[in-house]
Amino acid sequence: MSSLRTLATPLTIGAFGLTAVTGALMFFHLDSGLNKVAHEWLSWALVVGVSLHVAVNFRAFTLYLKRPAAMAIVGAFALLLAGSFLSPGAQTGGSPVVAVMQGLGAAPVERVIALTGEDEASGLARLRAAGIDAAPGRRIDDLSGGDRARQGEILSLIFAR
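Residues numbered from 1 in each chain as written. Predicted model: local features only at pLDDT ≥ 70, side-chain atom pairs only at ≥ 80, totals over all residues. Heavy atoms only, no water.

1. Re the pattern of salt bridges
Applying the stated criterion across every chain yields a total of six salt bridges. In this structure, Glu-40 engages Lys-36 in a salt bridge whose closest nitrogen and oxygen atoms are separated by 2.4 Å. Of this pair, Glu-40 and Lys-36 both sit in helix H2 (residues 35-56), four residues apart, which is roughly one turn of the helix. Its relative accessible area of 40% is what places Glu-40 among the partly exposed residues. A salt bridge links Arg-150 to Glu-153; its shortest N-O distance comes to 3.0 Å. (Salt bridge = Lys/Arg side-chain N within 4 Å of Asp/Glu carboxyl O. Helix = DSSP H or I, 4+ residues; strand = E, 2+ residues; numbered from the N terminus. Buried < 20%, exposed > 50% of the residue type's maximum accessible area, 1.4 Å probe, protein only.)

2. Observations concerning the packing of aromatic side chains
Throughout the structure, instances matching the rule amount to one aromatic pair. Taken together, a centroid distance of 4.9 Å and an interplanar angle of 85 degrees make the contact between Phe-27 and Phe-28 edge-to-face. Residues Phe-27 and Phe-28 agree in their burial class; the two are exposed. (Phe/Tyr/Trp six-rings, centres within 6.5 Å; stacked < 30°, edge-to-face > 60°.)

3. Notes on the environment of Thr-62
Mapping Thr-62 onto the fold places it in helix H3 (residues 58-64). On the accessibility criterion, Thr-62 (31% relative accessible area) is partly exposed. Considering only alpha carbons, one finds Thr-62 and Leu-30, 32 residues apart in sequence, at a separation of 39 Å. In terms of polar contacts, Thr-62 uses its side chain to reach the backbone carbonyl oxygen of Arg-59, at 2.8 Å. (Polar contact = N/O pair within 3.5 Å; in protein donor to acceptor, adjacent residues only side chain to side chain.)

This is the structure:
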């Protein structure tokens with residue numbers, strides 16, 4: 001346990017620092033380079049560090065969490081976590097970006113190509129050259145197999161000339 005104790009606290013502190021800084025940069029749209037990747041992947045170090053910290057100090061945590069203020073704070077964050085899975089935007093129209101992406105996904109590929117001003121044959125040929133089995137009447141979401149990242153790649157190919 002003592003070897004875990006010497007690892008858990010510095011791991012938690014270091015990972016928290018990385019996650020806090022990269023998260024703040026992302027929040028204010030100031031991230032660059034590998035900030036987002038570091039935030040997403042190295043945040044797992046925070047999960048590991050906190051898990052080790054809780055395991056090493058389990059008795060102290062259970063005693064501390066019996067206090068009303070601690071229970072209230074942890075409970076409030078549990079409710080916030082549960083609320084983060086709700087989609088209130090869907091009831092009020094939601095993000096226009098989501099609506100546009102859904103509309104483009106549901107559209108036949110030739111209509112989306114027409115939005116660029118490029119002729120249909122050239123646009124379809126460019127998609128086929130990129131390995132996409134594009135044909136008139138096929139929807140973008142069909143071409144992407146329902147994969148949103150792939151849909152974005154297809155739309156990038158269509159709109160980047």
